[in-house]
Amino acid sequence: MTNDQTTDIHLRRIDPARNMRRFYVISLQPTLFGGMSVVRNWGRIGTQGQAKVETFDDAREAEAACVRLEHCKRRRGYAN
């Protein structure tokens, strides 16, 4: 991945029986200093939700963290 590209993963978890409508977005974004950030946004669908940013010096570490997060959320029931 080059530094001028971004990657977004959009996941949703909807369960009407439990009144659950959640979203989870994972983004890879380059930093100004050559590193890579993993930006996570989550919350109830229809709200702005919360955000967390983790910064990595190496793009491969950031991509590995992104894959781990996606795998964890998919195990919890999130899907495209």
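Structure: above.
Residues numbered from 1 in each chain as written. Predicted model: local features only at pLDDT ≥ 70, side-chain atom pairs only at ≥ 80, totals over all residues. Heavy atoms only, no water.

Chemist: Looking at this model, I keep getting lost on the overall build of the chain. Mind explaining?
Modeler: A tally of helices and strands in the chain yields one helix and four strands. Element order for the chain, N to C, with α for helix and β for strand: β-β-β-β-α. Its C-alpha atoms give the chain principal-axis dimensions of roughly 45 × 25 × 15 Å. Across the chain, every contact between residues at least 6 apart in sequence was considered, and the portion connecting residues at least 24 apart equals 37%. Of the roughly 5500 Å² of accessible surface on the chain, a fraction of 47% belongs to carbon and sulfur atoms. The chain carries 14 positive and 9 negative side-chain charges, and their two centres are separated by 14 Å. (Helix = DSSP H or I, 4+ residues; strand = E, 2+ residues; numbered from the N terminus. Contact = heavy atoms within 4.5 Å. Areas by Shrake-Rupley, 256 points an atom, 1.4 Å probe, with all protein chains shown as cover. Lys, Arg positive; Asp, Glu negative; His and termini not counted. Charge placed at Lys NZ, Arg CZ, Asp CG, Glu CD.)

Chemist: So what exactly am I meant to see when it comes to the packing of aromatic side chains here?
Modeler: Describing an aromatic ring pair means giving the distance of the ring centres and the angle of the ring planes. Inspection of every chain in the model, using the stated rule, returns two aromatic pairs. Ring geometry for tyrosine 24 versus tryptophan 42: centroids 6.2 Å apart, planes at 20°, classification stacked. Note that tyrosine 24 is positioned in strand β2 (residues 20-30) and tryptophan 42 in strand β3 (residues 36-44), a separation of 18 residues in sequence. A relative accessible area of 28% places tryptophan 42 in the partly exposed class. Ring centres 6.1 Å apart and planes at 65° place the aromatic pair tyrosine 24 and tyrosine 78 in the edge-to-face group. You can see tyrosine 24 sitting in strand β2 and its partner tyrosine 78 sitting in the segment after α1 (59-75), a full 54 residues away along the chain. Each of the two residues, tyrosine 24 as well as tyrosine 78, counts as buried. Among the aromatic residues, those joined into a ring-pair cluster are Tyr24, Trp42 and Tyr78. (Phe/Tyr/Trp six-rings, centres within 6.5 Å; stacked < 30°, edge-to-face > 60°. Buried < 20%, exposed > 50% of the residue type's maximum accessible area, 1.4 Å probe, protein only.)

Chemist: Looking at this structure, how should I read a positive patch on the surface?
Modeler: A cluster of basic residues, Arg12, Arg18, Arg21, Arg22, Arg44 and Arg76, forms a positive patch at the surface. In this fold, arginine 21 is placed in strand β2. Judged by its relative accessible area of 39%, arginine 21 is partly exposed. (Patch = residues over 30% accessible without salt bridge, like charges linked within 9 Å, V, L, I, M, F, W, Y side chains within 5 Å. Salt bridge = Lys/Arg side-chain N within 4 Å of Asp/Glu carboxyl O.)

Chemist: It is not clear to me how the side chain of arginine 13 should be interpreted in this structure. Could you clarify?
Modeler: With respect to the helices and strands, the residue arginine 13 is situated in strand β1 (residues 7-15). One buried charged residue, arginine 13, forms no salt bridge at all, with the nearest opposite charge on aspartate 15 at 6.0 Å. Looking at arginine 13, its side chain comes within polar contact range of the main-chain oxygen of arginine 76, at 3.1 Å. In this structure arginine 13 touches Arg18, Met20, Arg21, Arg22, Arg76, Gly77 and Tyr78, once residues within four positions along its chain are discounted. (Polar contact = N/O pair within 3.5 Å; in protein donor to acceptor, adjacent residues only side chain to side chain.)

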